[in-house]
Amino acid sequence: MSFFDVVFYLFATITVIASVGVVVARNPVHAALFLVLAFCSAAGIWMLLEAEFLAITLILVYVGAVMVLFLFVVMMLDINLVQLREGFWRWFPFGALIAGLMVFEMIWVLGSRQTADVSKAVAHAADYSNTKELGRLIYTHYVYPFEIAAVILLVAMVAAIALTMRRRKGVKSQNVADQVKVKKADRLRIVKMKSEPKGSEN
Amino acid sequence: MEKIKEFFKTFLLVELLKGMALTGRYMFARKITVQFPEEKTPQSFRFRGLHAQRRYENGEERCIGCKLCEAICPALAIKIAVAEREDGTRRTTQYDIDLTKCIFCGFCEESCPVDAIVETRIFEYHGEKRGDLYYTKPMLLAVGDKHEAQIAKDRLADSKYR
Amino acid sequence: MMEWLQPIQNLLGPAWLPIWTAVKIMLIVGPLMGGVAYLTLAERKVIGWMQVRIGPNRVGYFGLLQPLADGLKLFMKEIIIPSGSNKLLFVFAPVITLMTALAAWAVVPFNAELVLSNANAGLLYILAMTSVGVYGVIIAGWASNSKYAFLGCLRSAAQIVSYEIAMGFALVTVLMAAQSLNLGDIVKGQHGNYGMLNWYIIPLFPMFIVYLISGVAETNRAPFDVAEGESEIVAGFHVEYSGMAFALFFLGEYANMILIGFLTSIMFLGGWLSPVPFLPDSIVWLFAKVAFVLFLFLWFRATFPRYRYDQLMRLGWKVFIPVSLIWVVVVGAWMQTSYWLW
């Protein structure tokens, strides 16, 4: 077994353990942290395949941003575990069916003859930058699918904001732009008064 | 026009740069730190620090146990017990000041009819145990004996204004 | 350059590479920790001077042994683990903070050949590492089982994630100008006949400001230190930490500060390149530039009062992100014309 294999199996084991942890962890925050670990080790495997752009982007986007927001929500939720587990056995067959289906699909895809010969990483020269190659492909060959995907994401984002935004009346909040605009002359009036002569106060 | 000027002022961080120029200038200003154990700030003769009990020149303690200081103490830091001495004079058998309670207001000193309890200029005392800051009569008298010259001088200086 | 190491290399055989790498890592981390220690002293001195004080001067001549005294004090202190806290995560959080702060140094080049890992995607790697650093804060805040720590961690996480976007766009303009994600190549792209005028700070000046301010926000430094906000939430995410666990957070924060200093110098200030054409390029220039950026950090802290939280978020989302987006387009258009000289 080469060093490459050792590293691969190490990362793969961590990924599997972490993924199981996501499902079985009682505490939702632990589950989210397990998911982070799974992402990190998956990124490690991609790194082994010399897909450094994808690996780092996985960390940057999913670990660095998406999971942070996820954790945010999960940490602030007040989760009642008993209530959550109420319907477990009722929905178990349905969940098992979906899981089985996914496993079947994966075996089908990975086991087929067409994917068998591309599953090996292609060796490249040391100065080969797959970031550049990826960029070239995305912005030439796949430019329309890429742009359409981007627009769909934008629409989804705008829709999400539009759905959740509501203007409440009577909310007191500060308008920073107005506060910045304030100048001394608007607020302060300097009055010049003659001082009164001594002894006139009584 | 005013708005455009304002816009550029904001984006060119003019006010922030002004602030930084100010602190930058002060970096080279003469420093005003007093290096404490070696240098000390001047003290007033009315400084209110550690307490002391005074004696008359003949060595007799001044305190007559009138308990005025105990009564006026806003922090209830003073505890006094009184008894008659063999010579028939009224003296304290216990005179304790809890310095952890004391707020150094100087009322005890003001109320004292015989100038027995006074506050000295000493402020650099410390205790290593909680009980160390509970000053009893002998301790207060010892402070007074040690610093009598300074105490008397300060009272004299202050006497003009009383 | 490394011929004298040849006999040792032959002696060790296949074990040579890991050992030599470990030695190189030590050569980076050791001085870095020293730098962190003396940055704390420099901070206290500089802020002291700006506040017309003289700063620490008792431990050693000019206070030079103060960092050692502080370190010793923290080392001797008890590590208190609050009851009701999540013990494993509580201990793990400071480790994550320091680990990510140190991991980012792998791709930082010190001069044309002095770099631990000459990675192609170095810039991305650094962005990824600094964004993972936020987990130390989040986990610390959550595992402490304390309201103040939790509020501090929420503030800090939201702040870091927001400013990372502006920071990312600032970096996009740099990599557009340099046509590379490799930090060494970015510095080489700033090489030219005119010294300072070849640096990216000239065409990308607004991005330099955005990057510097986002860097301050990213490291939770004043005036963006609402995560600590001692007047409101005591000390934020690390209230419950004491002794060495607290010291690890401290080390992580300052290591990140130095990292931002290096990145700013490398990407905008020409790294190890000399500012004037007649002087040779040298690593000394890099250190001088880093010292300047770090001095700016301290200067900011001595000058500006803390931002209110809504102002901070407004600055990130409503000012920096639009400004950097516009500048990305401007640089893109500029590079297509013949007026792009960099």
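Residues numbered from 1 in each chain as written. Chains lettered and ligands numbered in written order. Predicted model: local features only at pLDDT ≥ 70, side-chain atom pairs only at ≥ 80, totals over all residues. Heavy atoms only, no water.

1. Quick word on the side chain of Ser41(A)
Short version of the rule: Secondary structure elements follow DSSP: runs of H or I no shorter than four residues count as helices, runs of E no shorter than two count as strands, and numbering proceeds from the N terminus. Contacts between residues were defined by any pair of non-hydrogen atoms, one from each residue, lying within 4.5 Å.
Relative to the elements of secondary structure, Ser41(A) occurs in helix α2 (residues 28-48). Beyond its immediate stretch of four places on either side in the chain, Ser41(A) contacts Phe11(A), Ile14(A) and Thr15(A).

2. Examining the interface of chain A and chain C
Note the cut-off: Values labelled buried area give the accessible surface lost by two parts on being combined, using a 1.4 Å probe and summing over both. Here the term charged refers only to Asp, Glu, Lys and Arg, the term nonpolar to Ala, Val, Leu, Ile, Met, Phe, Trp, Tyr, Cys and Pro, and the term polar to all other amino acids, Gly among them.
If you look at the interface, chain A gives 29 residues, while chain C gives 28 residues. With both sides pooled, the region where chain A packs onto chain C buries about 2,200 Å², and carbon together with sulfur makes up 75% of that total. When the buried area of chain A at its contact with chain C is split by residue, Ile56(A), Leu60(A) and Met75(A) rank highest and sum to 24% of it. Looking at the side of chain A that touches chain C, the elements with two or more residues in it are α2, α3 (52-76), α7 (130-139) and α9 (176-181) of chain A. Per element, the largest residue contribution to the side of chain A that touches chain C is 13 residues, and it comes from α3(A). Taken together, the residues of the side of chain A that touches chain C break down into 19 nonpolar, 7 polar and 3 charged.

3. Structural notes on the interface of chain B and chain C
In plain terms, the rule: Salt bridges are counted wherever a side-chain nitrogen of Lys or Arg sits within 4 Å of a carboxyl oxygen of Asp or Glu. Residues adjacent in sequence count toward polar contacts only when both atoms are side-chain atoms; beyond that, a polar contact is any pair of N or O atoms within 3.5 Å, and within protein one must be able to donate a hydrogen and the other to accept it.
Contact residues are listed per partner, giving 17 residues for chain B and 18 residues for chain C. When chain B packs against chain C, close to 1,500 Å² is buried across both sides, 73% of that on carbon and sulfur atoms. By the criterion of area lost to chain C, the three top residues of chain B are Met20(B), Met27(B) and Lys31(B), representing 39% of everything that side buries. Scanning the region where chain B abuts chain C turns up 1 salt bridge. The interface formed by chain B and chain C includes 9 residue pairs in polar contact (both at pLDDT 80 or more). Ranked by the residues each element gives to the side of chain B that touches chain C, the list is headed by helix α2 (residues 14-26) of chain B, at 6 residues. Each residue belonging to the side of chain B that touches chain C can be placed in one class, and the counts come to 9 nonpolar, 5 polar and 3 charged.

4. A closer look at the pairing of strand β3 (residues 90-98) of chain B
For a regular strand, side-chain orientation follows a simple rule: the groups alternate between the two sheet faces. Residues and elements named next belong to chain B. Threshold: Strands pair, by our definition, only if DSSP identifies at least two bridges between them.
Pairing between strand β2 (residues 78-84) and β3: 7 bridges, direction antiparallel. In the sheet register, Glu84 faces β3, and the bridge partner there is Arg90. Remark: 5 residues form the turn of the hairpin made by β2 and β3, two consecutive strands paired antiparallel; Gly88 in that turn has positive phi of roughly 85°.

5. Comments concerning the sheet that holds strand β5 (residues 134-135) of chain B
Read from one edge of the open sheet, 3 strands run β2-β3-β5 (chain B), paired in antiparallel fashion. Strands with a single pairing partner mark the edges of an open sheet, and in this sheet they are β2 and β5 of chain B.

6. Some points on the layout of surface pockets
Note the cut-off: Within this scheme a cavity is a closed region of a 1 Å grid, computed over the protein atoms alone, that accommodates a 1.4 Å probe without allowing it to escape, whereas a pocket is open but has protein on both sides within 12 Å along at least five of seven lines; lining residues each have an atom within 4 Å of a point. Grid points are joined across faces, edges and corners, and a volume is the space filled by probe spheres set on the points. Delimitation of the domains relies on an automatic or database domain assignment.
For the largest pocket, the calculated volume is near 2,700 Å³. Together, 50 residues line the largest pocket, and Thr57(A), Leu60(A), Val61(A), Phe169(C) and Val172(C) are the ones closest to its centre. Among the secondary structure elements, those contributing two or more residues to the lining of the largest pocket are α3, α7 and α8 (143-164) of chain A together with α5 (122-132), α7 (147-178) and α13 (309-336) of chain C. Classifying every residue of the lining of the largest pocket gives 35 nonpolar, 12 polar and 3 charged. Each of two domains, domain 1 (1-83) and domain 3 (130-163) of chain A, supplies a minimum of three residues to the lining of the largest pocket.

7. Details of unusual backbone geometry
Residues and elements named next belong to chain B. Spelled out, the test is: A 1.4 Å probe rolled over the protein chains alone gives each residue an accessible area, and that area as a share of the maximum for its type sets the label: buried under 20%, exposed over 50%, partly exposed in between.
Unusually for a residue other than glycine, Leu76 sits at a positive phi of about 55°. Relative to the assigned elements, Leu76 resides in the loop between α3 (68-72) and β2. Overall, the relative accessible area of 62% leaves Leu76 in the exposed class. Phi at Phe104 is positive, roughly 55°, even though this residue is not glycine. Residue placement: Phe104 occurs in the loop between β3 and α4 (107-111). Overall, Phe104 belongs to the partly exposed group, its relative accessible area being 21%.

8. Some thoughts on the environment of Gln179(A)
As for its position among the elements, Gln179(A) is in helix α9. Setting aside its immediate chain neighbours within four residues, Gln179(A) contacts Gln174(A), Arg308(C) and Gln311(C).

9. Structural notes on the packing of helix α9 (residues 205-218) of chain C against helix α12 (residues 283-303) of chain C
When two helices pack together, you describe them by how their axes are tilted relative to each other and by the distance separating the axes. Residue and element names in this part refer to chain C. What counts, and what does not: Axis lines are fitted through C-alpha atoms, for helices just across the contact stretch, and the angle between N-to-C directions can take any value from 0 to 180 degrees. Note: crossing handedness is left-handed where the near helix turns anticlockwise from the far helix by less than a right angle, and right-handed where it turns clockwise.
For the pair α9 and α12, interaxial distance at closest approach is 11 Å and the crossing angle is 65°. α12 is crossed by α9, and the crossing has right-handed handedness. Contacts between α9 and α12 involve Leu212, Gly215 and Val216 on the former and, on the latter, Val293, Leu296, Phe297 and Phe300.

10. Thoughts on empty space enclosed by the protein
Residue and element names in this part refer to chain C. Per the stated rule, a full pass over the model turns up 5 cavities of 30 Å³ or more. Taken as a whole, the largest cavity holds about 270 Å³ of empty space. If you trace the largest cavity, you find 20 residues lining it, with Thr97, Val137, Glu218, Asn220 and Asn256 closest to the centre. Elements with a contribution of two residues or more to the lining of the largest cavity: α4 (87-103), α5, α6 (134-143) and α11 (243-267). Per-element tally for the lining of the largest cavity: the top contributor is α11, with 5 residues. Here the lining of the largest cavity is composed, by residue class, of 8 nonpolar, 9 polar and 3 charged.

11. What about a nonpolar patch on the surface?
Definition in use: Surface patches are drawn from residues lacking salt bridges whose relative accessible area is over 30%; two like charges belong together within 9 Å, two nonpolar side chains (Val, Leu, Ile, Met, Phe, Trp, Tyr) within 5 Å. Methods summary: accessible areas were calculated by the Shrake-Rupley approach with a probe of 1.4 Å, and residue burial reflects only the protein chains presented.
On the surface, a cluster of nonpolar side chains totalling about 700 Å² of accessible area is made up of Met1(B), Ile4(B), Phe7(B), Phe8(B), Phe11(B) and Leu12(B). Among the secondary structure elements, Met1(B) is positioned in the segment before α1 (2-11).

12. A closer look at the packing of aromatic side chains
Residue and element names in this part refer to chain C. Which entries qualify depends on this criterion: Here a Phe, Tyr or Trp ring, Trp counted by its six-membered ring, pairs with any other such ring whose centre lies within 6.5 Å, and the pair is stacked when the planes are under 30 degrees apart, edge-to-face when over 60, and tilted otherwise.
Summed over all chains, the structure comprises 24 aromatic pairs over all chains. The interplanar angle of 40° and the centroid separation of 5.7 Å between the aromatic rings of Phe246 and Phe250 together place this pair among those described as tilted. Remark: Phe250 and Phe246 occur in helix α11; sequence separation between them is 4 residues, near one turn of the helix. Overall, the relative accessible area of 21% leaves Phe246 in the partly exposed class. For Phe250, a relative accessible area of 31% translates into the label partly exposed. Plain terms: the ring middles of Phe262 and Phe287 are 6.1 Å apart, the flat faces sit at 90° to each other, and that makes the pair edge-to-face. With a gap of 25 residues between them, Phe262 in helix α11 and Phe287 in helix α12 connect regions that are remote in the sequence.

13. So, the domain arrangement of chain A
The domains assigned to chain A are domain 1 (1-83), domain 2 (87-119) and domain 3 (130-163). Between domain 1 of chain A and domain 3 of chain A, the C-alpha centre-to-centre distance is 24 Å.

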